[in-house]
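# Breakdown of the fold
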Amino acid sequence: MTSSDFLREKSTWMCDDFRIEITSKLILVGIYPPTPVVPVIFTPGFPVTVPSLCFVQLFESDRDGVASFTSRIQNLESGRQIGGEVTGRLRLQKGQIINLLRFGGLPFHQAGSFGLSTLVEGCPDPFTANFDVKLFTPPSPSAS
């Protein structure tokens, strides 16, 4: 986990989508569990476009204010950015902060390791979370 003088990353979750209820409760759809260490997107073939890929970042801060951020996804082997950037403003408050990111129409042309990178204004290093994209191989039927 990355941290700075005023902001610490507690965890990052990857999911297909999220919704915010009128009561401010979050609904996470299709959470990717770490298998075994990082989340994995399985696909039957390439190229594939993932319609929506979302991240829920949980931070902890000891300061109030606002900081701009830029998030991107890149292939860790080539450094090539996948899809567009997500930018916004993170409202800082003392205690826990949730940052919601939604990337749309992500084109994956090959299997590999990918990473989310979020650079927050005032933090020297980006906050990162990695995931893999792999081909799905269905299990062979067992003989009875």
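In the block above lies the structure referred to throughout.
Below you will find a few notes about this structure. Counting restarts for each chain: residues are numbered from 1 in the order of the written sequence. In view of the model being predicted, local features appear only for residues whose pLDDT reaches at least 70, and side-chain atom pairs are presented and counted only at 80 or more, with totals across whole chains, interfaces and linings using the full set of residues. Calculation of side-chain values draws on the structure's entire complement of heavy atoms; hydrogens and water are dropped beforehand.

### Let's talk about the sheet that holds strand 9 (residues 127-135)
Judged by pairing direction, the sheet is mixed, and its five strands sit side by side in the order 3-9-8-5-6 without closing on themselves. Each edge of the sheet is formed by a strand with only one pairing partner; in this case those strands are strand 3 (40-43) and strand 6 (81-92). Between one strand axis and the next, the sheet turns through 20° on average, direction left out of account. By definition, two strands form a pair when at least two bridges between them are found by DSSP. Numbering goes from the N terminus for both helices and strands, where a helix is a DSSP run of H or I of at least four residues and a strand is a run of E of at least two. Direction of pairing for strand 3 relative to strand 9: parallel, over a ladder of four bridges. Note on strand 9: the bridge partner recorded for Ile41 is Val133. Interaxial angles span 0 to 180 degrees and are taken between N-to-C directions of axes, which are lines fitted to C-alpha atoms, for helices over the stretch in contact.

### Some details on the state of the cysteines
Only a pair of cysteine sulfur atoms within 2.5 Å counts as a disulfide in this structure description. Taken as a whole and judged by the stated rule, the model has zero disulfides. Left without a disulfide partner, Cys15 is nearest to the cysteine sulfur of Cys54, which lies 5.0 Å away.

### Notes on the pattern of salt bridges
Proximity of charged atoms lets side chains of opposite charge pair with each other. Any carboxyl oxygen of Asp or Glu that lies within 4 Å of a side-chain nitrogen of Lys or Arg is treated as forming a salt bridge with it. Going through the model one piece at a time under the given rule, you end up with six salt bridges. Note that Asp17 is salt-bridged to Arg19, the shortest N-O span being 3.7 Å. One salt bridge connects Arg72 with Glu85, and the closest N-O pair in it is separated by 2.2 Å. Of this pair, Arg72 sits in strand 5 (residues 65-75) while Glu85 sits in strand 6; the two residues are 13 residues apart in sequence, bridging distant segments of the chain. Exposed residues in this analysis have more than 50% of their type's maximum accessible area, buried residues have under 20%, and partly exposed residues fall in between, with area computed by a 1.4 Å probe over protein chains only. On the accessibility criterion, Arg72 (25% relative accessible area) is partly exposed. A network of salt bridges, in which partner residues are shared, links Arg8, Lys10 and Glu60.

### Overview of the packing of aromatic side chains
Whether two aromatic rings pair depends on their centres lying within 6.5 Å, for rings of Phe, Tyr and Trp, where Trp uses its six-membered ring; planes under 30 degrees apart make the pair stacked, over 60 edge-to-face, and the rest tilted. Applying the stated criterion across every chain, the model contains seven aromatic pairs. Note on Phe55 and Phe131: the rings are 6.1 Å apart at their centroids and 45° apart in plane angle, and the pair reads as tilted. In this pair, Phe55 is assigned in strand 4 (residues 48-61) and Phe131 in strand 9, connecting sequence segments 76 residues apart. With respect to class, Phe55 is no different from Phe131; both count as buried. Ring plane angle 20° and centroid distance 5.9 Å describe the contact between Phe114 and Phe131, whose orientation is recorded as stacked. One end of the pair, Phe114, is in strand 8 (residues 112-120); the other, Phe131, is in strand 9, and 17 residues separate them in sequence.

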